[in-house]
Amino acid sequence: QVQLVESGGGLVQPGGSLKLPCAASGDIDSIYAMAWYRQAPGKQRELVAAIISGGSTNYADSAKGRFTISRDTAKNTVYLQMNSLKPEDTAVYYCKFVIATTRTRIRSDYWGRGTQVTVSS
């Protein structure tokens with residue numbers, strides 16, 4: 001069993017900042033990648049940013065220059081620092097880890113339940 005818990009969402013004014021943490025716990029052997037996705041009402045879930053085990057990152061065009069993904073490997077935690085937020089960033093933000101458990105040694109995707117981010121004046 002692996003559990004992912006996001007936090008840090010909320011209501012913020014345009015131009016403001018938020019930092020979202022997501023912590024994984026449970027039967028973890030190896031973490032291969034961590035990522036943040038978001039889903040706005042009526043839209044498909046989309047990748048925002050990702051970081052793989054070697055440390056390289058990639059970002060959606062909409063996130064480049066404003067969002068930063070980082071991790072604390074000792075805490076099995078990934079962060080999304082969001083600056084210069086816009087109303088179009090309003091969405092439920094989900095974290096996803098690619099993890100191999102000690103029991104199966106098989107890589108699988110694990111998702112958090114999501115945290116709401118609302119950007120509005």
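Scroll up for the structure.
These figures come from a predicted structure and were not determined experimentally.

Caption draft 1: Molecular detail of the overall build of the protein chain. A count of helical and extended segments in the protein chain gives zero helices and eleven strands. What you see in the protein chain, going N to C, is helices and strands ordered as β-β-β-β-β-β-β-β-β-β-β. The principal-axis extents of the C-alpha atoms in the protein chain amount to approximately 50 × 25 × 25 Å. Taking all 121 residues of the protein chain together, the buried fraction comes to 38%. For the protein chain, the exposed area adds up to about 6500 Å²; of that, 46% sits on carbon and sulfur atoms. Across the protein chain, the centroid of the 14 positively charged side chains sits 1 Å from that of the 9 negatively charged ones.

Caption draft 2: Representation of the state of the cysteines. Counted according to the given criterion, the structure contains one disulfide. A sulfur-sulfur distance of 1.9 Å marks the disulfide that ties Cys22 to Cys95. Looking down the S-S bond of the Cys22 and Cys95 bridge, the torsion is 45 degrees, so its handedness is right-handed. With Cys22 in strand E3 (residues 18-26) and Cys95 in strand E9 (residues 91-100), the pair connects residues that are 73 residues apart, well separated along the chain. Take Cys22 and Cys95: they sit in the same class, and that class is buried.

Caption draft 3: Examining the sheet that holds strand E1 (residues 2-6) more closely. Pairing within the open sheet is antiparallel, and its four strands lie in the order E1-E3-E8-E7. Of all strands in the sheet, those with a lone pairing partner are E1 and strand E7 (67-72), marking the two edges. In this sheet, neighbouring strand axes are inclined to one another by 15 degrees on average, regardless of whether the strands run parallel or antiparallel.

Caption draft 4: Local environment of unusual backbone geometry. With a phi close to 50 degrees, Ser84 is a non-glycine residue in the positive phi region. Counting through the fold element by element, Ser84 comes out in the loop between strand E8 (77-82) and E9. Relative accessible area serves as the criterion here: at 41%, Ser84 is assigned to the partly exposed category. For Arg105, which is not glycine, the phi dihedral falls at a positive 60 degrees. In this structure, Arg105 sits in the loop between E9 and strand E10 (107-111).

Caption draft 5: Representation of the side chain of Arg38. Tracing the sequence through the fold places Arg38 in strand E4 (residues 30-39). Within polar-contact distance, the side chain of Arg38 engages the side chain of Glu46 at 2.8 Å. Within polar-contact distance, the side chain of Arg38 engages the side chain of Asp89 at 2.9 Å. Discounting residues that sit within four places of it in the chain, Arg38 has contacts with Gln44, Arg45, Glu46, Val48, Ser62, Phe67, Glu88, Asp89, Ala91, Val92 and Tyr93.

Caption draft 6: Quick peek at the packing of aromatic side chains. Summed over the entire model, instances satisfying the criterion amount to one aromatic pair. In this structure, Lys19 is placed above the aromatic ring of Tyr79, and the distance from its NZ or CZ to the ring centre is 4.8 Å.

The rules behind each value
Residues numbered from 1 in each chain as written. Predicted model: local features only at pLDDT ≥ 70, side-chain atom pairs only at ≥ 80, totals over all residues. Heavy atoms only, no water. Helix = DSSP H or I, 4+ residues; strand = E, 2+ residues; numbered from the N terminus. Buried < 20%, exposed > 50% of the residue type's maximum accessible area, 1.4 Å probe, protein only. Areas by Shrake-Rupley, 256 points an atom, 1.4 Å probe, with all protein chains shown as cover. Lys, Arg positive; Asp, Glu negative; His and termini not counted. Charge placed at Lys NZ, Arg CZ, Asp CG, Glu CD. Disulfide = S-S within 2.5 Å. Pairing = 2+ DSSP bridges. Axes fitted to C-alpha atoms, helices over the stretch in contact; angles between N-to-C directions. Polar contact = N/O pair within 3.5 Å; in protein donor to acceptor, adjacent residues only side chain to side chain. Contact = heavy atoms within 4.5 Å. Phe/Tyr/Trp six-rings, centres within 6.5 Å; stacked < 30°, edge-to-face > 60°. Lys NZ or Arg CZ within 6 Å of the ring centre and 35° of its normal.

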